[in-house]
Protein chains: 2
Amino acid sequence: STSQTETVDQVTTLLQLCVDRFFVSPGHANVELFQRGLCCSYGPLGMELRRNLLDQWWYSVTRSGAQVFGINTLSSSSRETPTGGQGQLRIVECEQLKQRLGQKELSKGRLAEEVHMLLQRSPSMRTNLLQGALEQFVPSLELVNRKLPFGLAETGLCFQPAEGSGCSAEVTQTSLVWFCSPRTSSQWLDHWTRQRLKWWRKFALSPSDFSSNEVQQEELEQAASRGVRIIYNFPWGQEVLACVWSRGDAELLHIHKGDRSKLQHRDGRRSIPHVVSVTANMDRGAMAFLSNSLQQLKREESKQKLHQRKVLKLHPVLVPIKVALNIGRGATVELRQICEGLLQEFLEAKISVWPGYLETLPTSMEQLNAKYDEMGVLFTIIIGENTLESGLLQVRSRDTTIKETMHISEIKNFLFRYISAADNI
Amino acid sequence: STSQTETVDQVTTLLQLCVDRFFVSPGHANVELFQRGLCCSYGPLGMELRRNLLDQWWYSVTRSGAQVFGINTLSSSSRETPTGGQGQLRIVECEQLKQRLGQKELSKGRLAEEVHMLLQRSPSMRTNLLQGALEQFVPSLELVNRKLPFGLAETGLCFQPAEGSGCSAEVTQTSLVWFCSPRTSSQWLDHWTRQRLKWWRKFALSPSDFSSNEVQQEELEQAASRGVRIIYNFPWGQEVLACVWSRGDAELLHIHKGDRSKLQHRDGRRSIPHVVSVTANMDRGAMAFLSNSLQQLKREESKQKLHQRKVLKLHPVLVPIKVALNIGRGATVELRQICEGLLQEFLEAKISVWPGYLETLPTSMEQLNAKYDEMGVLFTIIIGENTLESGLLQVRSRDTTIKETMHISEIKNFLFRYISAADNI
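The shown structure was predicted, so the numbers you read here are calculated from the model rather than taken from an experiment. (Residues numbered from 1 in each chain as written. Chains lettered and ligands numbered in written order. Predicted model: local features only at pLDDT ≥ 70, side-chain atom pairs only at ≥ 80, totals over all residues. Heavy atoms only, no water.)

Caption draft 1: Representation of the interface of chain A and chain B within the structure. In this assembly, 77 residues from chain A lie in contact with 77 residues from chain B. Counting the surface lost from both chain A and chain B, the interface buries some 6700 Å², and carbon and sulfur atoms represent 60% of this. Contact with chain B buries area across many residues of chain A, yet Arg-63, Asn-72 and Lys-108 of chain A alone supply 10% of it, more than any other trio. Put simply, chain A and chain B have two salt bridges between them. (Contact = heavy atoms within 4.5 Å. Buried area = accessible area lost by both parts, 1.4 Å probe. Salt bridge = Lys/Arg side-chain N within 4 Å of Asp/Glu carboxyl O.)

Caption draft 2: Seen up close, helix H5 (residues 108–121) of chain B. Given a rise of 1.5 Å per residue, 14 residues ought to cover 20 Å, and the 20 Å separating the end C-alpha atoms of H5 of chain B matches this to within 8%. Of all the residues in H5 of chain B, the buried ones are Leu-111, Ala-112, Glu-114, Val-115, Leu-118 and Leu-119 of chain B. Axial view of H5 of chain B: buried residues confined to an arc of 160°, hence all on one face. Taken together, the buried residues of H5 of chain B touch helix H4 (94–101) and helix H5 (108–121) of chain A together with strand E3 (89–93) and helix H4 (94–101) of chain B. (Helix = DSSP H or I, 4+ residues; strand = E, 2+ residues; numbered from the N terminus. Expected span 1.5 Å × (residues − 1). Buried < 20%, exposed > 50% of the residue type's maximum accessible area, 1.4 Å probe, protein only. Arc of directions from axis to C-beta.)

Caption draft 3: Structural view of the packing of aromatic side chains. Residues and elements named next belong to chain A. According to the stated counting rule, one finds 42 aromatic pairs over all chains in the structure shown. Their ring planes at 40° and their centres at 6.3 Å tell us that Phe-414 and Tyr-418 sit as a pair that is tilted. With Phe-414 and Tyr-418 both in helix H15 (residues 411–423) and four residues apart, this pair spans about one turn of that helix. A relative accessible area of 28% means that Tyr-418 is categorised as partly exposed. Counting every residue linked through ring pairs, the aromatic cluster contains Trp-199, Trp-200, Phe-203, Phe-210, Tyr-232, Phe-234, Trp-236 and Phe-289. (Phe/Tyr/Trp six-rings, centres within 6.5 Å; stacked < 30°, edge-to-face > 60°.)

Caption draft 4: Structural view of unusual backbone geometry. Here the amide bond leading from Leu-148 of chain A into Pro-149 of chain A is cis, since omega sits at -10°, within 30 degrees of zero. Topologically, Pro-149 of chain A is positioned in the loop between helix H7 (137–143) and strand E5 (150–160). Phi is positive for Lys-350 of chain A, which is not a glycine, with a value near 60°. On the secondary structure map, Lys-350 of chain A appears in the loop between helix H12 (332–348) and strand E14 (353–354). Residue Lys-350 of chain A is classed as partly exposed on the basis of its relative accessible area, which comes to 47%. The phi dihedral of Arg-146 of chain B falls on the positive side, at around 60°, and the residue is not glycine. Of note, Arg-146 of chain B is situated in the loop between helix H7 (137–143) and strand E5 (150–160). Here Arg-146 of chain B falls in the partly exposed class, since its relative accessible area comes to 23%.

Caption draft 5: Molecular detail of the sheet that holds E5 of chain B. Residues and elements named next belong to chain B. In space, the seven strands of this open sheet follow the order E1-E5-E6-E10-E9-E8-E7, with mixed pairing throughout. This sheet does not close on itself; its edge strands, each paired only once, are strand E1 (68–70) and strand E7 (210–214). Averaged over all pairs of adjacent strands, the angle between their axes in this sheet comes to 25°, without regard to strand direction. Relative to strand E9 (residues 237–248), strand E8 (residues 226–234) runs antiparallel, the two being bridged by nine bridges. Counterpart to Ile-230 in the pairing with E9 is Ala-242. (Pairing = 2+ DSSP bridges. Axes fitted to C-alpha atoms, helices over the stretch in contact; angles between N-to-C directions.)

Caption draft 6: Representation of the environment of Arg-266 of chain A. Relative to the helices and strands, Arg-266 of chain A is located in the loop between helix H10 (260–263) and strand E10 (274–281). Taking the C-alpha atoms as reference points, Arg-266 of chain A and Asp-190 of chain A, 76 residues apart in sequence, are found 24 Å from one another. When sequence neighbours within four positions are dropped, the list of residues in contact with Arg-266 of chain A reads Asn-145, Arg-146 and Lys-147 of chain A together with Thr-360 and Leu-361 of chain B.

Caption draft 7: The arrangement of empty space enclosed by the protein in detail. Across all of its chains, the model carries seven cavities of 30 Å³ or more by this definition. The space that makes up the largest cavity amounts to roughly 940 Å³. What lines the largest cavity is a set of 37 residues, and nearest its centre among them are Leu-54 and Thr-155 of chain A together with Leu-54, Thr-155 and Gly-156 of chain B. Here the lining of the largest cavity is composed, by residue class, of 13 nonpolar, 12 polar and 12 charged. (1 Å grid on protein atoms, 1.4 Å probe; cavity = no way out; pocket = protein on both sides within 12 Å on 5 of 7 lines; lining within 4 Å. Points joined across faces, edges and corners; volume = space filled by probe spheres on them. Nonpolar A, V, L, I, M, F, W, Y, C, P; charged D, E, K, R; others polar.)

Caption draft 8: Local environment of the relation of the copies chain A and chain B. Once turned by 180° and shifted 0.0 Å along the axis, chain A lies on chain B with an RMSD of 0.0 Å. In symmetry terms, the pair is related by a two-fold rotation axis. Of all interface residues in chain A, 100% are interface residues in chain B too; the two copies therefore contact each other through one and the same surface. (Least-squares fit on C-alpha atoms with pLDDT ≥ 70 in both.)

Caption draft 9: Local environment of the pattern of salt bridges. Under the defined criterion, the tally for this structure stands at 38 salt bridges over all chains. Between Glu-114 of chain A and Arg-110 of chain A there is a salt bridge, with its nearest N and O atoms 3.2 Å apart. Here Arg-110 of chain A and Glu-114 of chain A lie together in helix H5, a separation of four residues that amounts to about one turn. Take Arg-110 of chain A: its relative accessible area is 37%, and that puts it in the partly exposed class. One salt bridge in this structure joins Glu-113 of chain B and Arg-110 of chain B, with 3.2 Å as the shortest N-O distance. Here Glu-113 of chain B and its partner Arg-110 of chain B are both found in helix H5, three residues apart, which amounts to about one turn of the helix. Of the residues examined, Glu-113 of chain B reaches a relative accessible area of 43% and is grouped as partly exposed. A network of salt bridges, in which partner residues are shared, links Arg-100, Arg-110, Glu-113 and Glu-114 of chain A.

Limitation: the analysis is restricted to geometry and does not speak to function.
Below is the structure:
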């Protein structure tokens, strides 16, 4: 059907753009990882996008007014593995394993035993960030004078077993583990769900593509009494971006070997805290915002030709490159010097710049704008003869395609205010 | 000898402080990892310190005026492993290995073969960030219109084989891989060495503890023609923080299977770029700055008693917590409201705050100051009756211990200016 073909086209266009414009590294296998919502090899623009996304997540969680502390735990551990699906992936030293396989005098039974023992001693890779936070609960309780509620936040790599897909994979996860009193855990689950959905929608071009739904009783994770998923509507179907689980106290007790006195907080009732976990997959998150922000606009050219304009309308806060600096007609050496000065000024203000003026291959203004639109560049600045004479430069907006004239002394504050305004909506 | 005992005391004090003040998680094994310059489980303050350090590294490399792009590569890969020490650690799925060990009908020889094959197919963990950058060289060359020099920057986890130490370990590495023309590679090595040493010393309390030395011919890494190490003088001896290697073109050619046409840049001579790699261990870096900034000051008390004051004089840019908010005498509810308001104001300005006013356990001002000094908190603000009446508050400086009176409307700008000034020295 037509709609199916359109969807395929849409997806192909999106993935091609991601490669062409340096969001992800080329190669079929790499692009497939990205489409599946897994960590892939990112190019400069993808790396910046995901970095901005992770920074925004961090601020929204640690600066929300709630007591949240950041932690950083190890991605591999030699501790005893609990039942909860951990310990399926282990880091094995090849040499050691090969050495055992090469021992001629061993019987087959002994060999199997030796390999088993080696496996037991090898560190296991984490599959989620929950474990580390539960372990850090006890020292963190001192930090807050044994008072609830508080949270521990972490972002980092987690590893997924292949489970038939042929190869294990990496995912960049964010995790907030929230400790609260048992009777408030359901309210907190609702609070964090609302807060997270609002956060995802804040950066969206069409917020309705992000939705949440309550997990059915039969689909709940082992320890959980309630769960909510935050979902994104990709062209190829719905995928889970984030989860909020109400997990009770079983895992906390299990990790601390049932030592209740260590876990009690100061509320007079000596109860064990309940855990609400808030997790997200930020590789899929980056993909969702790329998919959400790509607009393909058809417009008729003068000679009845159809022309497609592709624009990546990423949110000003997330977009990897805020501004591109280019040279128009005029004395190249002097114009370049002006660009160098502006570049320095932008870098110091932490506004990411694309040094277009360094390109020596001739391109038309149309080609340049088309390229920058696909990269999502918010504004393109043209430094020309006018700038040398009167300090005036041209600023083109990605979203309106309108060109404005502005004085060189105003441009930094203009960009700064524009990005701040978008951030504070 | 006395000096040896003193060193042991110094180290014990430092490590104890790291645990007590939430830089690293408690536990002998964890603290030992940290002391060995490996990644450990970090508490909130250690996590922030390392985050600040990584951010500073990132800015100093990507905003130095040189053309540097950030990338993000996978920490595990299924590609063929080169000779360069990679592929010693592999991620094995336990179930798959156990399944093979459980096959009764297999002979011992067949079993060994099957395990070998499984190992070959398992992804290997990266031991450095060089490989990923060399692979991304070709797509990145398009980004700069095939013009040199340029660099690819990345920070991330790398894994170290145990080599007898019993357990493999994680390290947080930073990497700049710099591509330049063959005849300039030695100059670039000198440039980056100077730039890096200056960077390490910028944040130091005693910069002379950081030094660099040329690597001897016989100690050079396989591919390298020259190398420089940046070294920190720990109480227990010298350790390597960072390395700069001039690596030639052999590895680049090897990875791209000798396809010279793909690798050539536009300088008319069709030469293959040379590689200069700049790496650092940021776990050891965090340890170095903690060690460097801990001052133990002896002072005589009124009754001839000796008193030790421990202050963590971390650089204002690196210090995890810039300011602590506390309450003095007065109407608690109103004072708390003022604190809440200031907290919000600081968070929005991205100034990290310690909400001391939430603590309900009684502590004297001396105890509080001692605690904050050990945490490295730059300024302590006391909100008291005076603040309610006239808007005046007390600000105590970590470095001078002097208390100043300031109006509440000035405090944010004061902190902002103080931190910026320290950053721009």
